[in-house]
Amino acid sequence: MTTDSNQDIPAHAAMNQFARRGQDLIVGGTTLEELAARAGRTPFFVYDTQLIEQRASALRAALPPTLHLHFAIKANPHPQVVNTLAQSTDGLDVASAAELRIALATGTPAASISFAGPGKSREDLELAVASGVIINVESETELARISSLGRATGVRPKIALRVNPDFELKSAGMKMGSGAKPFGIDAERVPVVLHSLPDAHVDFVGLHIFCGSQNLNADAICEAQVKTVDLAIALAGQTPLPLRWLNIGGGLGVPYFPGEQHLPLAPIARNLTHLVERCATELPRAQVVMELGRYLTAEAGLYVCEVIDRKESRGETFLVTNGGLHHHLAASGNFGQVIRKNYPLAVGNRMAEPATEIVNVVGPLCTPLDILGSRVALPHAEPGDLIVVYQSGAYACSASPHQFLSHPSPVELVV
Ligand SMILES: *Cc1c(COP(=O)(O)O)cnc(C)c1O
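Quick look at the structure, then. What you see is a predicted model; the values in this text were computed from it and never measured.

Analysis parameters
- Residues numbered from 1 in each chain as written.
- Predicted model: local features only at pLDDT ≥ 70, side-chain atom pairs only at ≥ 80, totals over all residues.
- Heavy atoms only, no water.
- Helix = DSSP H or I, 4+ residues; strand = E, 2+ residues; numbered from the N terminus.
- Buried < 20%, exposed > 50% of the residue type's maximum accessible area, 1.4 Å probe, protein only.
- Near = heavy atom within 4 Å.
- Polar contact = N/O pair within 3.5 Å; in protein donor to acceptor, adjacent residues only side chain to side chain.
- Areas by Shrake-Rupley, 256 points an atom, 1.4 Å probe, with all protein chains shown as cover.
- Nonpolar A, V, L, I, M, F, W, Y, C, P; charged D, E, K, R; others polar.
- Contact = heavy atoms within 4.5 Å.
- Pairing = 2+ DSSP bridges.

## A look at unusual backbone geometry
- Put simply, Thr42 and Pro43 share a cis peptide bond, and its omega is -5°.
- With respect to the secondary-structure elements, Pro43 resides in the loop between helix H1 (32-39) and strand E4 (44-47).
- The residue Arg375 is not glycine, and still its phi comes out positive at about 50°.
- Mapped onto the secondary structure, Arg375 falls in strand E20 (residues 371-378).
- According to the relative accessible area criterion, Arg375 is exposed, its value standing at 57%.
- A positive phi is found at Ser406, a non-glycine position, where the angle reads about 60°.
- Along the polypeptide, Ser406 turns up in the loop between strand E21 (386-389) and strand E22 (411-414).

## Remarks on the site of the ligand
- Around the ligand, the structure places 14 residues, and the nearest of them are Lys74, Ser213, Glu291, Arg294 and Tyr395.
- One of the backbone nitrogen or oxygen atoms of Gly293 is found 3.0 Å away from an oxygen atom of the ligand.
- Out of a free accessible area of 390 Å², the ligand has 93% covered by protein chains.
- A breakdown of the residues in the shell around the ligand according to their chemical character gives five nonpolar, five polar and four charged.

## Structural notes on the environment of Ala56
- For Ala56, the position within the fold is in helix H2 (residues 49-62).
- By relative accessible area, Ala56 is classed as buried at 0%.
- For the pair formed by Ala56 and Gln87, sequence separation is 31 residues and the distance between their alpha carbons is 9.9 Å.
- Contacts of Ala56, omitting those with residues within four sequence positions, involve Leu69, Leu85, Ser88 and Leu296.

## Comments concerning the sheet that holds strand E1 (residues 19-21)
- Taken in spatial order, the three strands make up an open sheet running E1-E2-E3, and their pairing is antiparallel. Each of the sheet's edge strands pairs with one partner strand only, and the pair in question is E1 and strand E3 (30-31).
- As defined by bridge partners, strand E2 (residues 24-27) adjoins E3 across two bridges and the pair is classed as antiparallel. Note that in E3 the partner of Val27 across the bridge is Thr30.

Right, dumping it as structure tokens:
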């Protein structure tokens, strides 16, 4: 694998992950044309397992050794991606019965799998109880349903209480805790629930507190993790049952938009080292777990679509592709973003050419929301050229409305 020595500095930090050979972007040793041939068509997603493993081992090397690292598989539930991360993390977090089946198929022990999410169905709970995974309880009524299922089937379900914290994670792209939320039991109600546990026919393992996703501010993450551990220690003082498990959530962000930088791991690692030491003293039986989704897979994935048409409209150029929001809702700006910004884009078969044009990259759907790049600088591209969307390994393929307008679904390749 060779890289041009005189290539332009990429416009975005995320673009350094993948090599180039002449005009071609290289993934897993191959060109995108070769991958398109392997997929049989465009558009496709491609995930590089070597990059995923590198990310997991870099985290391992930075974080305190006693902290367990889990993969939240809703970020990327592709079975080969989950298999890769099952080998290089300590456990998996799932959010549906189907995700639980994917997790169990990796051979991960049930005690290292947790199941979170509001509105768990009867099927979800039956499978979770029967397989013996840790159920993160999202409400008092859900606890009652789990308890009666345990009684009916003669097992004591393993549960953790998910706590909706009374503090906020600053700078999070998506807040998952504080205020009124469908997630978890409000912190001020948790003592009452803890008192009810001895009669609930469940095996209480501990607490789960997750504040928010896509955070690039290390100070805000550290502050929230300190408050999470403070809250867990305070709540543990409300019950004679020992805390054996403390899940402090995920939420480490990756850079998507112009000007965003990679999250510095060192301050987070320093803070976590201090926190696991505190837990060793104050919650001596608790395994501390951090469950990450996006941070583990986002940067190892690309979405590749093909230019179908090139047209001008009132002074602007449009590259109309066969890919769009039906495959990649987040890149279109419609998955939680307040102001639409462009994901990093490239023309994957013209990597050595300078960006000489300002163009709009759009998809084939009959809606003005179907935008992959608004006024983005790219090399001159023609029909047949391949548009690459970086940072597409998390909350991309599986987080998109594939049926909208009934175009073909994207292919997913793993290299
Ligand atoms: C989605 C989710 C995660 C992962 O969040 P990231 O921001 O992708 O790290 C972790 N825990 C729970 C409960 C989740 O729902």
